[in-house]
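As a plain string of letters, each chain reads:
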Amino acid sequence: MRPVDTRARRAVRDEVFRRDGYRCQRCGRGREELAQLGLQLEAHHVNNLPADHRPENLVTLCSDGACHPRGDHLGNTPKSSGLIFTYKLGDISD
Ligand SMILES: [Zn+2]
Ligand SMILES: [Zn+2]
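Along every chain, residues carry numbers that run from 1 in the direction the sequence is written. Chains carry letters from A onward and ligands carry numbers from 1 onward, assigned in written order. Totals for whole chains, interfaces and linings use every residue, but because this is a predicted model, local features are given only for residues with pLDDT of at least 70 and side-chain atom pairs only at 80 or more, for both listing and counting.

Peer 1: What am I meant to see in helix H1 (residues 6-19) here?
Peer 2: For H1, built from 14 residues, the straight-helix expectation of 20 Å at 1.5 Å per residue is met to within 8% by its first-to-last C-alpha distance of 20 Å. With C-beta atoms placed from the backbone, a residue counts as buried when 20 or more other C-beta atoms lie within 10 Å of its own, as exposed when 12 or fewer do, and as partly exposed for counts between those limits. The way it works is that DSSP assigns letters per residue, a run of H or I at least four long becomes a helix, a run of E at least two long becomes a strand, and they are numbered from the N terminus. The set of residues buried in H1 consists of Arg9, Arg13 and Val16. Down the axis of H1, the smallest arc covering the buried residues is 65°, so these residues share one side. Among the exposed residues of H1, those oriented more than 90 degrees off its buried face are Arg7, Ala8, Ala11 and Arg18. Here contacts are defined at the residue level, using C-beta atoms placed from the backbone and a cut-off of 7 Å between them. Packing partners of the buried residues in H1 comprise strand S1 (41-45) and strand S2 (58-62). Count one or two residues on from H1 and you reach Gly21, which has phi positive near 70°. Take the residue count of a helix, subtract one, and multiply by 1.5 Å to get its expected span. An arc is given here, and it is the one of the directions from the helix axis to the C-beta atoms.

Peer 1: Would you take a moment to explain the nonpolar core for this structure?
Peer 2: For soluble globular proteins, the rule of thumb is that nonpolar side chains tend to be buried together. Residues Cys24, Leu34, Leu39, Leu41, Leu61 and Cys62 constitute the largest nonpolar core, which totals six residues. If we ignore the near neighbours within four places in the chain, the residues touching Cys62 are Cys24, Cys27, Arg29, Leu34, Leu39, Gln40, Leu41, Glu42, Cys67 and His68. Nonpolar cores are identified as sets of buried Ala, Val, Leu, Ile, Met, Phe, Trp, Tyr and Cys residues joined via C-beta atoms within 7 Å.

Peer 1: Mind showing me how you'd approach the environment of Leu41 here?
Peer 2: Along the chain, the position of Leu41 falls in strand S1. Classification of Leu41 as buried rests on a count of 24 C-beta atoms within 10 Å. Once the C-alpha coordinates of Leu41 and Gly30 are considered, the two residues, eleven residues apart in sequence, prove to be 8.4 Å apart.

Take a look at the structure:
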């Protein structure tokens, strides 16, 4: 089962990726170069609040651990929100 807000999250993701030119904002690699390395674009929550889907709270990073460290926001996720997802965008298939 997909989360109810999958479509909304995907729309925000696409908006953020487009805004950032489909490039990791840390290493500067584009989508095709990343794909050749087995990496992908991901959206990172700047304030570490995964429930905050405002585009200004999201930045395009790649799945390289040097750019987007694993679990960088899990530890900061408010448990009360019940929202434990890393916004790993590869999980949302098109
Ligand atoms: Zn990167
Ligand atoms: Zn992140």
